[in-house]
Amino acid sequence: MSSPGDSRRTTARRRETALFLLAVPALLLLGIIFAWPVLRLLAMSVEDGTLANFEKATLDELYLYVLFDSVKIAAMVMAICLLVAYPVAFWLSRAGRWGVALGMFALLLPFWTSVLVRTYAWLVLLGRNGVVNRWLRDAGLIDAPLPLLHNTSGVLIGMVHVLLPYMVFPIYASLLRIDPDLSRAAEGLGAPAWRSFLRVTFPLSLPGVSAGCALVFVLSLGFFITPALLGGGRVIMVSMLIEQQVREFLDWPFAAALSTVLLVATLAIYALIGRITRGARHA
Amino acid sequence: MTILTNRRGLLRAAGGIATAGLPLPAFAQGSPPPKPDRIVVNASGGGMATQLRRSYFAEFERLHGIRVVDTSPVDFGKLRAMVTSGNPEWTVTEIGGQDVDRAKELNLLEPIDTSIVDLSRYPAAGRNSHAFIGSAYSTVLGFRSDVFRDGSHPKGWAEFWDVRRFPGARSLRNHPVDNLEFALLADGVPMDQIYPIDMDRAFRKLDEIRPHISVWWSTGAQPAQMLVDREVVLATGWNGRFFELARRNAPVGSEFMQGSLKSSAYGIPRGTRQAYWGQQLFQVMTNPRLQAMYATELSYAGLHPDTASFVAEDIRPLLPTAPVNLERQFWLNVGWWTENGARAQERWNRWMLQRG
Amino acid sequence: MELSVKGIVRRFGPVTALGGVDLDVAEGEFLTILGPSGSGKTTLLKTVAGFEIPDEGRVLLGGEDVTLAPPRRRDVGMVFQNYALFPHMSVAQNVAFPLEMRRRPRDEVKRRVIEALRLVELEGYGDRLPRQLSGGQQQRVALARAVVFGPRLLLLDEPFGALDRKLRESLQLEVRRLQRQLRLTTLFITHDQEEALIMSDRIAVMDKGRIEQVGAPGDLYAHPATRFVADFLGESNLLDGSASAGHAAIPGFGAVPLPAGQPDGGVTLLLRPEALRIAADAAAMPCRGQGKVLETVFLGQSAKLRMALDGGGEVLARLPLRPSDPPPAREGETVAVGFAPEDLHVVPRG
């Protein structure tokens, strides 16, 4: 025997189940294109029955050094992107229709060219005899060409250029979601523009900042074309080593171990970014 | 070395699969299989794709009425993944010279069917049971011809290393292949005694040149572009890239002395559905007239002995296979690299990370 | 005058949002700007708050010209339509915000926040986030935040729009109580005429970027200066006729006497529905006609009748009802209708 209360609960539960079913295709897709390959990767890295691959990936100073360096570069790219992207996103969120159209066009334009072509364009611009150095020399600002390329600064410039939109758009979206009356209210209550920004607009845009940082950071860690070309061989990203193992030496188990270490490091830093921005929001 | 034991384990496993499967006679007799509407050829892309199409694909399409679709880049890992997962998308793929032996060992390739592909007049270096040798190319020394005029450029690697006599920024490939050989040659090792490579000696010699290398290049287009931009005045690079610049009258020259010869090979991924038509494409590619067209544009000469006679006389000395060039160069020892590549690469990575 | 608005003009491209607005609000006065949407009342409020710079005219606060002063220099407390509470700050932090911006000492901030929350009866809610409060509670936090720093002027921009009727009525009275208690000069914006009548000391009716009339609620109701005011404020019968020799000929009612001094020519007369009587009650009325009942609506303490007059035209009558009264008329029935001439109001700008 079931009471009327029971049947109501059942109906409610059925509705929840129906809602959950809506998420099933997405979960399945994610399971197929993400979870399954990751599990296979993990299985591959220990297929010889030992943790030797992980030992090498985490204890060998070569791989540790490269991993640390990759994280450092990704963090620098993220920081520079944030500094450049925030003002752009802020301007976009307040620009008129034409300003937004122009800004979007400028931001999306690079997406229509391949990363390779864009990277070569930087070679032309930043080289010893490139456009930038020629200008600076003609303007009498420098005597010897600046080493902009084939070192860390070249890699940073190239990666920031490619990844900038991934920082701008989440921040722009979160700024758009903020009720414009909030900054009006802050101003009306006596806040100068900069205080209104610091106390109201910026904290409320932190979800976008967090998403942008996470996106840029994760994508940075996976880059290898740009650092390979613009780093002149002096910048080694862990993704380049993984690619080497897969493509040249077919040592998939070791590549899998390196990838797993990278994935774990990425998730850890991702969690850290989330925690920091959440903390900042309620400070 | 964990890596090596792992690889051997892998090779054993792959060999096991190969012996378990019965070798099928490839279309020994009877009528050819039905024509597909297209086949897929994977190669290096760029200018090479254009010339492959003009020289060979166009002829194949005309002969058989099957469209050739080209893709790039060459990717050994992808080849292995395709064959392992079954039904490869590529009908034919280019294979880096040093990967041919490994591909054969891993049983990734269909054997060449000599009843279709006529290699009877090919030299021994051009015959391989599982790969079609399309052409030969060489890693050579490129230089700015306006900086080093009238043959005053470095000849051979000892001179490349001599920064006092030949000052200026240099570029080498960010890879141990070729560079270890060049370092030994610079250190006075004769060309016929390079192998087996003494890695300690090679890296010691590389230490000397490192401060003068402004860029370690990673793609074939880079050294050519850097010479054009005067980013460097000396660079190693593939002879075809420098040939192209010389044809466009850029102030860039190349020197075959002590160049590192290798062959560019094509294979048919095992299990591909259009294997028969892949063999037919190879047969088209043995045509010396077509090989001459290709060599005239790219300087990558095919191995058919008649090819040279179809190439204009002024271009012949620019081919790596020209007799005068052949004797000044050495053939890269693919076997040594197959055995020691991973070890050399790991040492190279460590060496690159020592800042300086 | 605490607030003086003089000749304000504001254009947006080809659209004139404010076409020369003059308005004075006395200290401690509750003045409502009433108008339909698009009448320019929000633009006027923004101009007073400092979010809009007028093309012409001046805004004076306490005699000081603040036309070009930024909002933060005006000392104006504002409650926004959707409250604009800072969602990432607690209730107490929201209320403390204007005090912090004025760099008040910490213990003073604390004390005044508690006082302000007590004033709006939200003691003990200081640590909650706005989203944890009901609509009415959020509204009161917004009010506390707007008054905590002792502003010269309080601006309320349709603050009750999102609330249900009952809550709205109790908040209307609460705001009015608070405003009186603090003697706050208040400018209130609404499109709801009933709300305006309940709350205001004076009402300014706006239409098409102009102020049509300013006056006490009763005065506006009884003596609207324009046809728009007559129509917008309360229900009305607007009768058009022609005046000659102190009388006006009105279709359906014949000639009715006009107040002395009314010039000849076209005239618009306002007759509020509650001035009409029907059937037996109409017999005692000096002006009478006859009409057919088209529709009756029962409203509890009264009934509303829509009638077609025999002489042409329609009128609306509102008849008071006691609980024991029978329905005043049936639909389709033809009854007498009448009124007293002193209940007629000549609309000056008809």
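Residues numbered from 1 in each chain as written. Chains lettered and ligands numbered in written order. Predicted model: local features only at pLDDT ≥ 70, side-chain atom pairs only at ≥ 80, totals over all residues. Heavy atoms only, no water.

As named in an unreviewed UniProt entry, chain C is Spermidine/putrescine import ATP-binding protein PotA, taken from Neoroseomonas terrae.

Chain A has the name ABC transporter permease in an unreviewed UniProt entry, where Neoroseomonas terrae is given as its organism. Recorded in UniProt under Subcellular location (unreviewed entry), the annotation for chain A is "Cell membrane". Regarding chain A, the relevant UniProt record gives this comment under Sequence similarities (unreviewed entry): "Belongs to the binding-protein-dependent transport system permease family. CysTW subfamily." (UniProt positions renumbered as here; feature names shortened; annotations may be inferred.)

### Some points on the UniProt feature "domain: ABC transmembrane type-1" (unreviewed entry) in chain A
Taking the UniProt record as the reference, the feature "domain: ABC transmembrane type-1" (unreviewed entry) is found at residues 67-273 of chain A. Along residues 67-273 of chain A one finds 78% helix and 0% strand; the C-alpha atoms at either end are 18 Å apart. (Helix = DSSP H or I, 4+ residues; strand = E, 2+ residues; numbered from the N terminus.)

### A word on the interface of chain A and chain B
Contacts between chain A and chain B engage 32 residues on the former and 36 residues on the latter. Counting each side, the surface lost to burial between chain A and chain B is near 3100 Å², with a carbon and sulfur contribution of 51%. Three residues stand out in chain A for area buried against chain B, namely R234(A), F249(A) and L250(A), and they jointly supply 20% of the buried area on that side. Counting across the chain A and chain B interface gives two salt bridges. For K56(A), the salt bridge identified is with E346(B), shortest N-O distance 2.8 Å. Put simply, chain A and chain B have 14 residue pairs in polar contact (both at pLDDT 80 or more) between them. Among the secondary structure elements, those contributing two or more residues to the side of chain A that touches chain B are α2 (52-59), α3 (61-94), α10 (225-230) and α11 (238-247) of chain A. (Contact = heavy atoms within 4.5 Å. Buried area = accessible area lost by both parts, 1.4 Å probe. Salt bridge = Lys/Arg side-chain N within 4 Å of Asp/Glu carboxyl O. Polar contact = N/O pair within 3.5 Å; in protein donor to acceptor, adjacent residues only side chain to side chain.)

### So, the sheet that holds strand β2 (residues 15-25) of chain C
Residue and element names in this part refer to chain C. A sheet is described by the order of its strands in space; here four strands give the open sequence β2-β1-β4-β5, paired in antiparallel fashion. Both edges of this open sheet fall to β2 and β5 (64-65), since each of them pairs with a single strand only. For strand β1 (residues 3-12) and β2, the ladder comprises eight bridges, and the chain directions are antiparallel. Looking at β2, one finds that R11 is bridged to T16. (Pairing = 2+ DSSP bridges.)

### Some details on the pattern of salt bridges
For side chains bearing opposite charge, pairing can occur when the charged atoms are close. One pass over the structure, following the stated rule, counts 45 salt bridges over all chains. R202(C) serves as the salt-bridge partner of E29(C), at 2.4 Å between the closest nitrogen and oxygen. Here E29(C), found in the loop between β2 and β3 (30-34), pairs with R202(C), found in strand β9 (residues 202-207); they are 173 residues apart in sequence, far enough to count as distant. Among the residues examined, E29(C) registers a relative accessible area of 10% and is labelled buried. The class of R202(C) is partly exposed, set by a relative accessible area of 25%. A salt bridge links E295(C) to R306(C), with the shortest nitrogen-to-oxygen separation between them at 3.0 Å. Pair noted here: E295(C) is in strand β16 (residues 287-298) and R306(C) is in strand β17 (residues 302-309), with a separation of eleven residues, a long-range link. Overall, E295(C) belongs to the partly exposed group, its relative accessible area being 33%. A network of salt bridges, in which partner residues are shared, links K56(A), D60(A), E346(B) and R350(B). (Buried < 20%, exposed > 50% of the residue type's maximum accessible area, 1.4 Å probe, protein only.)

### A short note on the side chain of T272(B)
Here T272(B) is to be found in the loop between β8 (252-267) and α10 (275-285). Not counting the four nearest positions on each side in its chain, T272(B) is found in contact with P88(B), W90(B), T91(B) and E110(B).

### Describing empty space enclosed by the protein
Taken as a whole and judged by the stated rule, the model has six cavities of 30 Å³ or more. The volume enclosed by the largest cavity comes to roughly 140 Å³. If you go around the largest cavity, you meet 14 residues; those closest to its centre are F249(A), Q98(B), R102(B), W337(B) and G341(B). Counting residues per element, the lining of the largest cavity draws most heavily on helix α13 (residues 334-353) of chain B, which supplies five residues. The class makeup of the residues in the lining of the largest cavity is five nonpolar, five polar and four charged. Counting residues domain by domain, the lining of the largest cavity receives three or more from each of domain 1 (37-136 + 263-326) and domain 2 (139-260 + 330-353) of chain B. The volume enclosed by the second largest cavity comes to roughly 60 Å³. If you trace the second largest cavity, you find it lined by L123(A), L149(A), H150(A), Q222(B), Q225(B), M226(B), D229(B) and E231(B). At three residues, the largest contribution of residues to the lining of the second largest cavity is made by helix α8 (residues 221-228) of chain B. (1 Å grid on protein atoms, 1.4 Å probe; cavity = no way out; pocket = protein on both sides within 12 Å on 5 of 7 lines; lining within 4 Å. Points joined across faces, edges and corners; volume = space filled by probe spheres on them. Nonpolar A, V, L, I, M, F, W, Y, C, P; charged D, E, K, R; others polar. Domains from an automatic or database assignment.)

### Focus on the packing of aromatic side chains
By the definition in use, this model includes 31 aromatic pairs over all chains. A centroid spacing of 4.9 Å and a plane angle of 90° characterise the contact between Y276(B) and W277(B), whose relative ring orientation is edge-to-face. Each of the two residues, Y276(B) as well as W277(B), counts as buried. Among the aromatic side chains, those forming a connected cluster through ring pairs are Y86(A), F90(A), F197(A) and F202(A). The ring of W252(A) has R80(B) sitting right over it, with the charged end atom 4.3 Å from the ring centre. Taking the ring centre of F86(C) as reference, the NZ or CZ of R145(C) above it sits at 4.7 Å. (Phe/Tyr/Trp six-rings, centres within 6.5 Å; stacked < 30°, edge-to-face > 60°. Lys NZ or Arg CZ within 6 Å of the ring centre and 35° of its normal.)

### Some remarks on the state of the cysteines
Simply put, disulfide is the name for a covalent bond between the sulfur atoms of two cysteines. Residue and element names in this part refer to chain A. What the rule picks out here adds up to zero disulfides over all chains. The structure places no disulfide on C81, whose sulfur is separated from the nearest cysteine sulfur, that of C213, by 8.9 Å. Given the relative accessible area of 0%, C81 is considered buried. (Disulfide = S-S within 2.5 Å.)

### Comments concerning the domain arrangement of chain A
All names here are of chain A. Assigned domains within chain A: domain 1 (1-45) and domain 2 (52-281). Of note, the centres of domain 1 and domain 2, computed from C-alpha atoms alone, are 35 Å apart. With five residues of domain 1 at the contact, the number on the domain 2 side is nine residues. Interface area, domain 1 with domain 2, both sides summed: about 560 Å², of which 79% is carbon and sulfur. Three residues stand out in domain 1 for area buried against domain 2, namely L41, M44 and S45, and they jointly supply 74% of the buried area on that side. For the pair domain 1 and domain 2, the number of links is zero salt bridges. A class-by-class count of the residues in the side of domain 1 that touches domain 2 yields four nonpolar, one polar and no charged.

### Points about the pairing of strand β18 (residues 314-320) of chain C
All names here are of chain C. Both β17 and β18 contribute to a ladder of seven bridges, which runs antiparallel. Bridge pairing in β18 places M307 opposite V315. Counting the residues that bridge the hairpin from β17 to β18 gives four residues, and of these G312 lies at a positive phi of roughly 100°.

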